[in-house]
Each structure stands twice: as C-alpha cells, then as structure tokens.
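Residues per chain, in single letters:
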Protein chains: 2
Amino acid sequence: MNLKKYLDERRRLVDRSLKQMLGAGGSFPRTIDKAMRYSLFSGGKRIRPILALASGEAVGGSLDRVMPFACALEMIHSYSLVLVDLPAMDDDDLRRGKPTNHVVFGEGMAILAGDGLLTEAFRVMAEGALHAGQDRSAALRAIREIAAGAGAAGMVGGQVADLESEKKKPTRLLVEYIHSRKTGALLRASVRAGAWVGGAKPGQFARLDRYGVAVGFAFQVADDILDIEGGTEKTGKREGRDAERQKVTYPAAVGMDNAKKKARELLAESLDALSSFGPAADPLRQIATFIVERAVQP
Amino acid sequence: MNLKKYLDERRRLVDRSLKQMLGAGGSFPRTIDKAMRYSLFSGGKRIRPILALASGEAVGGSLDRVMPFACALEMIHSYSLVLVDLPAMDDDDLRRGKPTNHVVFGEGMAILAGDGLLTEAFRVMAEGALHAGQDRSAALRAIREIAAGAGAAGMVGGQVADLESEKKKPTRLLVEYIHSRKTGALLRASVRAGAWVGGAKPGQFARLDRYGVAVGFAFQVADDILDIEGGTEKTGKREGRDAERQKVTYPAAVGMDNAKKKARELLAESLDALSSFGPAADPLRQIATFIVERAVQP
C-alpha cells in the first residue's frame, strides 16, 4: 500500500464527514460556528480518526460505523488544542502556522468554541451509535472509552500534570506520567474505540490495545524530538518552543539518543502487537512506522 | 406530598450518587479532583437531576436507571457555572456565597475542572447506559438529547448569544432566544432524558416535553425576577448583579409586572401539559409551582 495516498484519502473522507456531522443536531450561533470550524478545519493530520478507522478495518469492521467515532475523536483533539493554547495555559499565539483561536475570536469565544466541539463530539457519537446496524453496546463502550481517555483521568488530567510540572525536573517517570495521559490516553482510546465498533473479538482487542499504548507513547516521544530537531516547516510550531517554556519532554529527561532509541523500541513493540494480524492491519503498521521514522531519521 | 421533604431526599440521593460516580472510571490528579468537587458539591439545588428523576418517575421508570443521567446533568450544570464565572465571561468572584472556582484554583485549573466535569458527565452516562436492564437505545437517545441541550445549539450557544448581547437593547425576542438556550435547553433535556430512560411512550414523551419547555422558560424568568427582588439570602448572589452587568433579562424586556404574569402563565402551561398524568407526576407539578411561586409571591 501507498501510505501517503492512503492518508490523503482517509483525511478527505474524515473532513467530508466532519462537515456533514458538525451542527447536524441543531443550528449554532454564527460566531461560534465560525470559531469551531476555524480550529477544526485548520489542516490537522487527522491521526486520531485515521487510527480509529484503521483499527476497525484491522478487525473487518465497516468504515461507516466507525466514522462518527473517528470524527468525534478529531473534535475532541481540536478542542484540546484550543484549550492548551489559551492564555491561562500555554499562551500560544500560533498553531499550524495560523493565529490561535483566542487570538482571532477572543478568549471567551475560544473557550466556548472548545467546549462546543467537545460536547458536539458526544452528540455525534450518540447519533452514530443509534444508526441502523450499529451494535449499541459496542458503541457505548467506545463512548465510555473516549470519555475516559479525554477526561480528568486521561487527557485533561495530563494537561493538569503538565501545567503543574513546568519548571520541575523532567524525570523519566514524570514525563511518562504526563505523556501517557496528555496525548497517550486519547490515541489509545482511538484505537480501542475503532476496535469496539469494528467488532473486535477479545483476543484481537487486547492486541490492538497493546498497539495503541505503544503507538500513543511513540507519538509523543516523536513529537518531543521533532520540537527540538524538526523546524517550523515540519511541525507548524516555532522550533524549541517546549524548551523555551520549560516543558517536560522525553529528550530532556533521558537525552536525545535515548529518546530516539525509545521511539524505535516503541515502534517494534507496536508492530509486534500486530504480528497475528494479516494485511488488514497494514495501515496500522505503516502509520506507526511513519510516526516514528519522521522523527528518528537522520 | 411534602415538597420540601421530597426535594431534600432527592438531593441527598443525588449527592450520594455523584460521590460514587465521579472518578469511578480512573483516578484524577489531586488538584483537579479537588477543583471539580469544589464546584460540584457547593450546595446546588440539584434541580436538573431532580427534574430528570421526577420525569422518569412520572412514567413509572426506576430511579436507579435514571440516576446516572441525573448525575451527569448536574455535572454539566456545574461545569457551566465554572465556565460562566470565568474572567473571560462574566468575571464573577462569588457563587452561592463562596469564591468562584478560578478565584480558588486559578484560571487554567478552573477551565480544566469545568471540562473535566463535562467529559466525566458523558463517561457516567455511557457507563449507566451499559448497566444491566437498561434500554440501550433509550439511553443513547438521552445522551444525544443532553449533548444537544448542552452544546453549541443549546446551552453553549446561549452563552455565546449572552456574551454578544451585553449592552444590546433587551427585546423580548432576544431574551427568549438567550433564555431558551442558556438555561432552557438543559432543563428541557433533563425532562426529556428522564422520560426516555424512564420508558415513556410517545404520547407521554410529547406531553413531558411540553412541560419541560414551559418549566425551563419559567425557571429563567423566575431567576431574572429574583435577581432584582430576591436579595442575596434567596439567591446566593449579589442583588441586581444582572442589571449592573447590563444582562438581558425578561423584566428588563417586558417590565416586572408582565414578567410575573408570564411566569404564572408558564406555570399554568406546565401544569396543563401534565393533566393526563396521575399522582406519579405530582413531583413535577409541585416543582414547577415552587419555581414560579418563590419568585412571584408578594
């Protein structure tokens, strides 16, 4: 398979579905509609939805059934970026090369747009779970999974730990605590949700979950590496922004060489978790490889 | 029935369930756990959960099945109060006679605590929907309902319109637009969710929904009246705070006498909607009466 083509196609599918689903439950006031779309359609890679779809695909599930959950994951990711950029958090004025939401719409509207995206994500999932042919229990497990991954025991909790860690010594344990929650939890939930809705059997589910944990961690280690070495053109953020803000990063905790070694180990782990799957899991394999390779390649 | 006793018992039941459910899906970092509990257990009247429970009761549903949705509604209400008090919104430092969340925990943590409560609400509902004996489709309809009522087409959208209306002329149309979304939508969703999960038949559902619309509107008109006439001991807020901030209120739009007349009409409408129900709907009747009477009584 051609990964670039696969990712482009999936991204287009996801974007089309996002446009259809957003606001289908009732009309939004004009300003917040603009603010929500501004962040949701700002050129994201759609990694979480693509992971959910690929996970469902790996167990023979239908794209249509997973799609509402995939879209919801991107809405939640998008809300989290609006949130983390706020003056009361990281106070960032640039995201993916564009002014951040609160810079354009003001702080109050940005907070509301973020919460609008978060809430809409759950409406879209409930709606999708009610579609004909959907296994309601599996869909509810996916909703529960995603809420737990996004909430105070997951992503929101990771952001709390991150806020509280600035200027703390970046030990490996602290970095792993933050990363596993702040980004790991929702990435893992993406894989798990796709597996539930795709109809994974218990053994398959456990293996996909092992993949999700490894790939979620790899993603953040790679992101830390790219923040130092990637340059603005690869990341859309200013280079070295994490160091400047004294963010706790993996390379800062263990050194750059060890961080790259860890990223490679996590890639091996994620591929190993998929060893009993056939070619249906190739997208998952290639996504993991892509995530790690772009960061560790010389 | 004795309404005061009924409300006290329900409030205790809801509080006990909230304590059991909050965080049952994974452990939260200590600070956010404290911040979430600070706002969630600050002496709210629990009107939304009590309405949901009473609505389920009116159609013979079990309390246990409605309870997770009732608790979720209170979590969402609590998040909305944290949100609306923020410096970027109404910038309030007092709520129910206590310092607001961001005053105690800082702005960043308050935003995260609010979003933690919102997300946890959906986890709790998904969890509750998976309980044995629960009708999964009805539960999913309740989740969809509550998400729509809380989101950008509902409560969040109402807050947007409210933000944008300050210093605007308070026409009746503008006030009704804001009220029906900012408070009406979630109150209506409370009644609808209780009806779904309680097992309402279509005809019952339509009548309960008519009640929910009327009581949701009555609630906000009464609240506007109390803000002007109630005094701090009745509201826990400083008297005249709305006028001071040039908030769009119903009495400002139509005059105090007409506002009280409207509140009485809405009470009559909500009682009429319940006319075909027996004594099982008495709590709904008495709640509506209580909401209106405390505001319009001389």
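Residues numbered from 1 in each chain as written. Chains lettered and ligands numbered in written order. Predicted model: local features only at pLDDT ≥ 70, side-chain atom pairs only at ≥ 80, totals over all residues.

Peer 1: Account for the overall build of chain A, with residues named and values stated.
Peer 2: Within chain A, the regular secondary structure consists of 15 helices and two strands. A compact globule built from 298 residues should have a C-alpha radius of gyration of about 19 Å, and chain A, at 18 Å, falls within 12% of that. For chain A, the residues scored as buried account for 56% of the 298 residues in total. (Helix = DSSP H or I, 4+ residues; strand = E, 2+ residues; numbered from the N terminus. Rg over C-alpha atoms; globule rule 2.2 N^0.38 Å. Buried ≥ 20, exposed ≤ 12 C-beta atoms within 10 Å, placed from the backbone.)

Peer 1: Which residues make up helix H9 (residues 172-198) of chain B, and what values go with them?
Peer 2: Residue and element names in this part refer to chain B. The largest bend along H9 measures about 55 degrees and falls at Gly184. Here H9 lies mainly inside the structure; 21 of its 27 residues are buried. Once H9 ends, the next one or two residues include Gly199, with phi positive near 90 degrees. (Bend = angle between axes of the 7 residues up to and from the residue.)

Peer 1: Can you lay out the environment of Gly230(A) for me, pointing to particular residues and giving the numbers?
Peer 2: Residue and element names in this part refer to chain A. Relative to the assigned elements, Gly230 resides in the loop between helix H10 (202-229) and helix H11 (232-235). Judged by local crowding, Gly230 falls into the partly exposed class, with 18 C-beta atoms found within 10 Å. In sequence terms Gly230 and Arg294 are 64 residues apart; their C-alpha atoms lie 9.1 Å from each other.

Peer 1: Give me the lowdown on helix H4 (residues 63-85) of chain A, citing residues and values where you can.
Peer 2: Compared with an ideal rise of 1.5 Å per residue, which puts 23 residues at 33 Å, H4(A) spans 32 Å between its outermost C-alpha atoms and is within 8% of the ideal. With 20 of 23 residues buried, H4(A) is to be regarded as a mostly interior element. (Expected span 1.5 Å × (residues − 1).)

Peer 1: Explain the packing of helix H6 (residues 107-129) of chain B against helix H7 (residues 136-150) of chain B to me, using residue names and the numbers behind them.
Peer 2: All names here are of chain B. Running from amino to carboxyl end, H6 crosses H7 at an angle of 165 degrees, the nearest separation of the two axes being 9 Å. When the axes of H6 and H7 are compared, the pair comes out roughly antiparallel. Two packed elements cross with a definite hand, and for H6 against H7 that hand is right-handed. On H7, the residues that touch Met125, Gly128 and Ala129 of H6 are Arg136, Ala139, Leu140 and Ile143. Split into classes, the residues belonging to the contact of H6 with H7 amount to five nonpolar, one polar and one charged. (Axes fitted to C-alpha atoms, helices over the stretch in contact; angles between N-to-C directions. Parallel < 35°, antiparallel > 145°, perpendicular 65-115°, else oblique. Left-handed = near helix turned anticlockwise from the far one by under 90°. Contact = placed C-beta atoms within 7 Å. Nonpolar A, V, L, I, M, F, W, Y, C, P; charged D, E, K, R; others polar.)

Peer 1: I'd love a proper account of unusual backbone geometry, names of residues and values included.
Peer 2: Of note, Arg96(A) is a non-glycine position whose phi angle comes to about 50 degrees, a positive value. Considering the arrangement of structural elements, one finds Arg96(A) in the loop between strand E1 (94-95) and strand E2 (98-99). Residue classification places Arg96(A) among the partly exposed positions, given that 14 C-beta atoms sit within 10 Å. Unlike most non-glycine residues, Arg46(B) shows phi in positive territory, near 60 degrees. Here Arg46(B) shows up in the loop between helix H2 (30-40) and helix H3 (47-58). The exposure class assigned to Arg46(B) is buried, which follows from the 23 C-beta atoms found within 10 Å.

Peer 1: Help me get a handle on the environment of Met155(A), residues and values and all.
Peer 2: Residues and elements named next belong to chain A. With respect to the helices and strands, Met155 occurs in helix H8 (residues 155-165). The sequence separation of Met155 and Ser80 amounts to 75 residues, and the corresponding C-alpha distance is 8.3 Å. In this view, Met155 contacts Ser80, Gly149, Ala150, Arg181, Lys182, Ala185 and Leu186; residues no more than four positions away in its chain are not counted.

Peer 1: Explain the confidence of the model for chain A to me, using residue names and the numbers behind them.
Peer 2: Looking at chain A as a whole, its pLDDT mean stands at 94, while 96% of the residues score no less than 70. Here the predicted complex carries an ipTM of 0.96, next to a pTM of 0.96. (pLDDT = per-residue confidence, 0-100.)

Peer 1: Mind laying out the nonpolar core, listing which residues take part and the relevant values?
Peer 2: Of all hydrophobic cores here, the largest spans 198 residues; its most connected members are Ala218(A), Phe69(B) and Ala218(B). Excluding its chain neighbours within four sequence positions, the residues that come into contact with Ala218(A) are Ala263(A), Leu266(A), Leu267(A), Ser270(A), Ala288(A), Ile291(A) and Val292(A). (Core = buried A, V, L, I, M, F, W, Y, C linked by C-beta atoms within 7 Å.)

Peer 1: Please give an account of the interface of chain A and chain B that cites residues and values.
Peer 2: Facing the 45 residues of chain A at the interface are 45 residues of chain B. The biggest single contributor to the side of chain A that touches chain B is helix H6 (residues 107-129) of chain A, with 14 residues. When the residues that make up the side of chain A that touches chain B are grouped by side-chain class, the tally is 26 nonpolar, 11 polar and eight charged.

Peer 1: Give me the relation of the copies chain A and chain B: which residues, what numbers.
Peer 2: Superposition of chain A onto chain B requires a rotation of 180 degrees combined with a translation of 0.0 Å along the rotation axis, giving an RMSD of 0.0 Å. On the angle and the small slide along the axis, the relation comes out as a two-fold axis. When C-alpha distances to the rotation axis are compared across chain A, the minimum falls at Arg136(A), with a value of 3.2 Å. When the interface residues of chain A are mapped onto chain B, 100% of them again lie at the interface, so the same face is used by both copies. (Least-squares fit on C-alpha atoms with pLDDT ≥ 70 in both.)

Peer 1: Explain the environment of Asp282(B) to me, and be specific about the residues and the numbers.
Peer 2: All names here are of chain B. Mapped onto the elements, Asp282 comes out in helix H15 (residues 282-296). Owing to 17 C-beta atoms within 10 Å, Asp282 belongs among the partly exposed residues under this scheme. Linking Asp282 and Arg30, residues 252 residues apart in sequence, is a C-alpha distance of 42 Å.

Peer 1: Tell me about the packing of H8(A) against helix H9 (residues 172-198) of chain A, and please be specific about residues and values.
Peer 2: All names here are of chain A. Here H8 crosses H9 at 145 degrees, and the two axes come no closer than 7 Å. Every pair of crossing elements has a handedness; the one defined by H8 and H9 is left-handed. Two secondary-structure elements touch here, H8 through Met155, Gly157, Gly158, Gln159, Ala161, Asp162 and Ser165 and H9 through Leu174, Tyr177, Ile178, Arg181, Lys182, Ala185 and Leu186. Classifying every residue of the contact of H8 with H9 by side-chain character gives seven nonpolar, four polar and three charged.

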